[in-house]
Amino acid sequence: MTKRKAAEEEPEPSPLAGGCVVAALVVGAGAGLWAASPAASVLVLWGGGAILVWRHARSGMSDSSATPPPGEDPSPEDEEAGHSDAPRISVERREGMLIIKDLSERRRYEV
């Protein structure tokens, strides 16, 4: 085999490998601390948990699913409907909701 083929067949390292190494080191350090002093290891475990809870509480929530502020001007109906070949719609805005009615279906079922 050539060097090029050998390089292409080399498997990529797993992204979880680093996490496994860190977890093994933490477990090993915890076992060593437990062997030295069980009381100290329990205190370190509680302290680490408290720090993780504090960091999670201090981090902000993602705004990806947040509703827009009430002062924002909504986009015109043309932009909401999409392209001109999209079905006709009626948009009705009420406090806290957006009602979209498909007007093309109304004509489809008329007799």
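Worth saying up front: this structure is predicted, and the values here are computed from it rather than measured.

Rules behind the numbers
Residues numbered from 1 in each chain as written. Predicted model: local features only at pLDDT ≥ 70, side-chain atom pairs only at ≥ 80, totals over all residues. Heavy atoms only, no water. Helix = DSSP H or I, 4+ residues; strand = E, 2+ residues; numbered from the N terminus. Buried < 20%, exposed > 50% of the residue type's maximum accessible area, 1.4 Å probe, protein only. Contact = heavy atoms within 4.5 Å. Areas by Shrake-Rupley, 256 points an atom, 1.4 Å probe, with all protein chains shown as cover. 1 Å grid on protein atoms, 1.4 Å probe; cavity = no way out; pocket = protein on both sides within 12 Å on 5 of 7 lines; lining within 4 Å. Points joined across faces, edges and corners; volume = space filled by probe spheres on them. Nonpolar A, V, L, I, M, F, W, Y, C, P; charged D, E, K, R; others polar. Pairing = 2+ DSSP bridges. Salt bridge = Lys/Arg side-chain N within 4 Å of Asp/Glu carboxyl O. Axes fitted to C-alpha atoms, helices over the stretch in contact; angles between N-to-C directions. Parallel < 35°, antiparallel > 145°, perpendicular 65-115°, else oblique. Expected span 1.5 Å × (residues − 1).

K.L.:
Just to check I follow, could you spell out the overall build of the chain for this structure?
P.N.:
A tally of regular secondary structure across the chain gives 5 helices and 2 strands. Traced from its N-terminal end to its C-terminal end, the chain shows the element sequence α-α-α-α-β-β-α. In the chain, which comprises 111 residues, the proportion classed as buried is 4%. For the chain, restricting intrachain contacts to residue pairs at least 6 apart in sequence, the fraction spanning at least 24 positions comes to 0%. Of the roughly 10,400 Å² of accessible surface on the chain, 61% is carried by carbon and sulfur atoms.

K.L.:
I keep staring at the layout of surface pockets and nothing clicks. Help me out?
P.N.:
Unoccupied space between atoms shows up once a probe the size of one water molecule is rolled over them. By volume, the second largest pocket is sized at about 180 Å³. Along the walls of the second largest pocket sit Val26, Gly30, Leu33, Trp34, Ser41, Val42, Val44 and Leu45, which together make up its complete lining. The set of elements that each furnish at least two residues to the lining of the second largest pocket consists of helix 2 (17-36) and helix 3 (38-58). Class assignment for the residues of the lining of the second largest pocket results in 6 nonpolar, 2 polar and no charged.

K.L.:
Explain the pairing of strand 1 (residues 89-94) to me, please; I cannot follow it from the model alone.
P.N.:
One face of the sheet, then the other: side chains in a regular strand alternate in exactly this way. Sheet topology places strand 1 next to strand 2 (residues 97-102); 6 bridges connect them, and they run antiparallel. Within the sheet, the bridge partner assigned to Ile89 lies in strand 2 and is Asp102. What sits between the antiparallel neighbours strand 1 and strand 2 is a turn of 2 residues, in which Gly96 has the positive phi angle 80°.

K.L.:
Even after reading the chapter, I still don't get the side chain of Ser41, so can you show me in this structure?
P.N.:
Residue position: Ser41 is located in helix 3. Once you skip the residues sitting within four places of it in the chain, Ser41 turns out to touch Leu33 and Trp34.

K.L.:
For this particular structure, what's the right way to read the pattern of salt bridges?
P.N.:
As a working rule, side chains carrying opposite charge can pair if their charged atoms are close by. Within the structure shown, the criterion is met by 1 salt bridge. Between Glu92 and Arg94 there is a salt bridge, with the nearest N and O atoms lying 2.7 Å from each other.

K.L.:
How should the packing of helix 2 against helix 3 be read in this particular structure?
P.N.:
A pair of packed helices can be characterised by two numbers: the angle between their axes and the separation between those axes. For the pair helix 2 and helix 3, interaxial distance at closest approach is 5 Å and the crossing angle is 140°. Between helix 2 and helix 3, the interaxial angle falls into the category oblique. Across the interface between the two elements, Leu33, Trp34 and Ala36 from helix 2 touch Pro38, Ala40, Ser41, Val42 and Val44 from helix 3. Its residues placed into classes, the contact of helix 2 with helix 3 shows 7 nonpolar, 1 polar and no charged.

K.L.:
Got a minute to help me understand helix 3 in this structure?
P.N.:
Structural remark: α-helix, 3.6 residues per turn; residues separated by three or four positions point the same way. Helix length check: helix 3 (21 residues) gives 30 Å between terminal C-alpha atoms against 30 Å at 1.5 Å per residue, within 8%. For helix 3, the tally of buried residues reaches only 1 of 21 residues, placing the bulk of the element at the surface.

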